[in-house]
Amino acid sequence: MRTVHAYAAPSATEPLVPTTIERRDVGPKDVLIAIRYAGICHSDIHTVRGDWGPITYPQVVGHEIVGEVVEVGPAVSKHAVGDRVGVGCMVDSCRECDNCRAGMENYCLNGSTDTYAAVDRDGTITQGGYSTHVVVDEDFVLRLPDAVDYAAAAPLLCAGITTYSPLAHWKAGPGTRVAVVGMGGLGHMAVKIAAAMGAEVTVLSRTLAKKDDGLAFGAQDYYATDDDATFEALADRFDLLVNTVSAPLDVDRYLRLLRLDGTMINVGAPPEPMPVTMFTLFGNRRSFAGSTIGSIAETQEMLDFCAEHGIAPETELIAADQINDAYERVLSGDVRYRFVIDTTTL
Ligand SMILES: [Zn+2]
Ligand SMILES: [Zn+2]
């Protein structure tokens, strides 16, 4: 075991505090990573505050992790000491079910092991990236291409892959019209990635406050959803609509923006059910779909794609003692577009 510095939530209602946690010994197929940067995802906040159910405290969160390999187990073949690597939302899966065998560990039928707040194979609770070191099985460690900026790379491991995977799966590209709903951490990545794939991108945001950003990130159009005229102007227009908003919205209203065989893909997770009217789906043979992160292979593909196209998230670098303030700013929407923790300040 190894004791490392971390920032943890002591309970659902208290601020995060500096602490130390134990990391397991490096096993034959494990990689020890000295974490350099960790992104702050809205899921981190939901998890520590118990919004998605009770968890065990103290809990360290963070699933947008980049750092350097400092030790490898004797059976490790994919990574070497000194490599720049990343870890995203999962650190293990059963590897035996149909979905794992198909290379889709994120849809593991026995449940992939989340990077934090999940029961690990040794029975301990996984602890996330707001820490100086982590030990991860090499199969769940990604290679960071040299061209990807180190600090900016962190949010690719969740926000990047969560939007890349459905855009690739539903074939965003030249000749397709993609609408991105919401311009937060996920939305701004969806805009950049869909534009780099060659799609015609439109942003649908509550107001026009971030319009200049949206156009700079590669969108052709930008509409306010507060304005009813938007929904009339854009009816029957899009092939894909990526909904990154985690609050409930009027699904039928958005579905009607899809043209023939269009798909509305949901990557945000409102806690409440959202009703859908069948007749809205019948029109234009529309689909209503969901997607969660991406497989390990897809995540590597996404990192390579971002390196090739020069895509990086917009980030604000913070020190560890700013994490609690950053949480409040994420909750009030006051971030453009992702906080990244400099883990040397832990
Ligand atoms: Zn996340
Ligand atoms: Zn599985």
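- Under an unreviewed UniProt entry, the name given to the protein is alcohol dehydrogenase (NADP(+)), and the source organism is Isoptericola peretonis.
- The record in UniProt for the protein states the following under Sequence similarities (unreviewed entry): "Belongs to the zinc-containing alcohol dehydrogenase family."

**Observations regarding the overall build of the protein**
Stage number 1. Along the backbone of the protein there are eleven helices and 17 strands.
Stage number 2. Taken against the 2.2 N^0.38 rule, which gives 20 Å for 346 residues, the C-alpha radius of gyration of the protein at 20 Å falls within 12% of a compact globule.
Stage number 3. Its C-alpha atoms give the protein principal-axis dimensions of about 60 × 40 × 35 Å.
Stage number 4. Taking all 346 residues of the protein together, the buried fraction comes to 55%.
Stage number 5. Contacts spanning at least 24 positions in sequence make up 66% of the contacts within the protein whose residues lie at least 6 apart.
Stage number 6. Accessible surface, the protein as shown: approximately 14,500 Å² in total, 50% of it carbon and sulfur.
Stage number 7. Separation of charge centres in the protein, based on 27 positive and 47 negative side chains, amounts to 4 Å.

**Thoughts on the packing of helix H4 (residues 159-169) against helix H10 (residues 296-309)**
Two packed helices can be described by the angle between their axes and the distance between those axes.
Stage number 1. Their axes nearest at 10 Å, the elements H4 and H10 cross at an angle of 100°. One finds that H4 runs roughly perpendicular with respect to H10. Between H4 and H10, the residues in contact are Gly160, Ile161, Tyr164 and Ser165 and Glu298, Thr299, Glu301, Met302 and Phe305, respectively.
Stage number 2. Looking at the contact of H4 with H10, its residues break down into four nonpolar, three polar and two charged.

**Notes on the UniProt feature "domain: Enoyl reductase (ER)" (unreviewed entry) in the protein**
Stage number 1. As recorded in UniProt, the feature "domain: Enoyl reductase (ER)" (unreviewed entry) lies at residues 11-341.
Stage number 2. Annotation note: span residues 11-341, helix share 25%, strand share 25%, distance between end C-alpha atoms 21 Å.

**What about the coordination of the zinc ion (ligand 2)?**
Four donors placed tetrahedrally around a metal ideally meet at 109.5 degrees, and six donors placed octahedrally ideally meet at 90 or 180 degrees.
Stage number 1. Around the zinc ion (ligand 2), the protein supplies Cys94 (SG), Cys97 (SG), Cys100 (SG) and Cys108 (SG) as donor atoms, at distances of 2.3 to 2.4 Å.
Stage number 2. Relative to the metal, the four donor atoms surrounding the zinc ion (ligand 2) lie at angles of 103 to 121°, and the coordination shape comes out tetrahedral.
Stage number 3. Each donor residue of the zinc ion (ligand 2) lies on one chain, and together they are spaced C-x2-C-x2-C-x7-C.
Stage number 4. With relative accessibility at 24%, the residue cysteine 94 sits in the partly exposed group.
Stage number 5. The buried category is assigned to cysteine 97, whose relative accessible area is 8%.

**A closer look at the domain arrangement of the protein**
Stage number 1. As assigned here, the protein comprises domain 1 (2-158 + 294-345) and domain 2 (161-290).
Stage number 2. Counting from both sides, the interface comprises 17 residues of domain 1 and, opposite them, 18 residues of domain 2.
Stage number 3. Each partner contributes to the roughly 1,700 Å² buried at the junction of domain 1 and domain 2, and carbon and sulfur atoms together form 58% of this total.
Stage number 4. Linking domain 1 with domain 2 are two salt bridges.

**Observations regarding the packing of H4 against helix H5 (residues 185-196)**
Stage number 1. At a closest axis distance of 8 Å, the pairing of H4 and H5 adopts a crossing angle of 50°. Judged by the angle between their axes, H4 and H5 are oblique. In the crossing of H4 with H5, the sense of the turn from one axis to the other is right-handed. Residue-level inspection shows Ala159, Gly160, Thr162, Thr163, Tyr164 and Leu167 of H4 in contact with H5, the latter providing Gly185, Leu186, Met189, Ala190, Ile193 and Ala194.
Stage number 2. For the contact of H4 with H5, a count of residues per class yields eight nonpolar, four polar and no charged.

What counts and what doesn't
Per chain, residue numbering runs from 1 following the sequence as it is written. Chain letters start at A and ligand numbers start at 1, both assigned in the order the entries are written. Local features in this predicted model are restricted to residues of pLDDT 70 or higher, and side-chain atom pairs are both shown and tallied only at a pLDDT of 80 or more, whereas totals for entire chains, interfaces and linings draw on every residue. For the side-chain quantities, the full set of heavy atoms in the structure was used; hydrogens and water were omitted. UniProt positions are given in the numbering used here, feature names are shortened, and annotations may be inferred rather than shown by experiment. Strands are runs of DSSP state E lasting at least two residues, helices are runs of H or I lasting at least four, and both sets are numbered from the N terminus onward. This radius of gyration counts C-alpha atoms alone. The globule rule is 2.2 Å times how many residues there are, raised to the power 0.38. Exposure categories follow from relative accessible area, calculated using a 1.4 Å probe and restricted to protein chains: below 20% of the type maximum is buried, above 50% is exposed, and the middle band is partly exposed. Here a residue-residue contact requires only that any non-hydrogen atoms of the pair lie within 4.5 Å. Per-residue and other accessible areas were derived by the Shrake-Rupley procedure at a 1.4 Å probe size, with only the shown protein chains allowed to occlude residues. When charges are tallied, Lys and Arg are placed among the positive residues and Asp and Glu among the negative ones, while His and the ends of the chain are skipped. Where a charge sits is defined by one atom per residue type, namely NZ (Lys), CZ (Arg), CG (Asp) or CD (Glu). Between N-to-C directions, angles cover 0 to 180 degrees, with each direction set by a line fitted to C-alpha atoms, over the stretch in contact for helices. Should an angle fall under 35 degrees it is called roughly parallel, over 145 degrees roughly antiparallel, and 65 to 115 degrees roughly perpendicular, with every other angle called oblique. Lys, Arg, Asp and Glu make up the charged group, whereas Ala, Val, Leu, Ile, Met, Phe, Trp, Tyr, Cys and Pro make up the nonpolar group; the residues left over, Gly among them, are polar. Donor selection uses N, O and S atoms within 2.8 Å of the metal (3.2 Å for Na, K and Ca). Since no water is included, sites may look incomplete. Note on geometry labels: four donors, all angles 85 to 135 degrees, give tetrahedral; four donors become square planar and six octahedral when opposite donors are over 155 degrees apart and every other angle is between 65 and 115; remaining cases are irregular. Where each domain starts and ends comes from a domain assignment, either automatic or drawn from a database. Reported buried area values correspond to the accessible surface (1.4 Å probe) lost by two parts on association, with both partners' losses combined. For this document, the term salt bridge refers to a Lys or Arg side-chain nitrogen within 4 Å of an Asp or Glu carboxyl oxygen. Here a crossing is taken to be left-handed if its near helix is turned anticlockwise relative to the far helix by less than a right angle, and right-handed if that turn runs clockwise.

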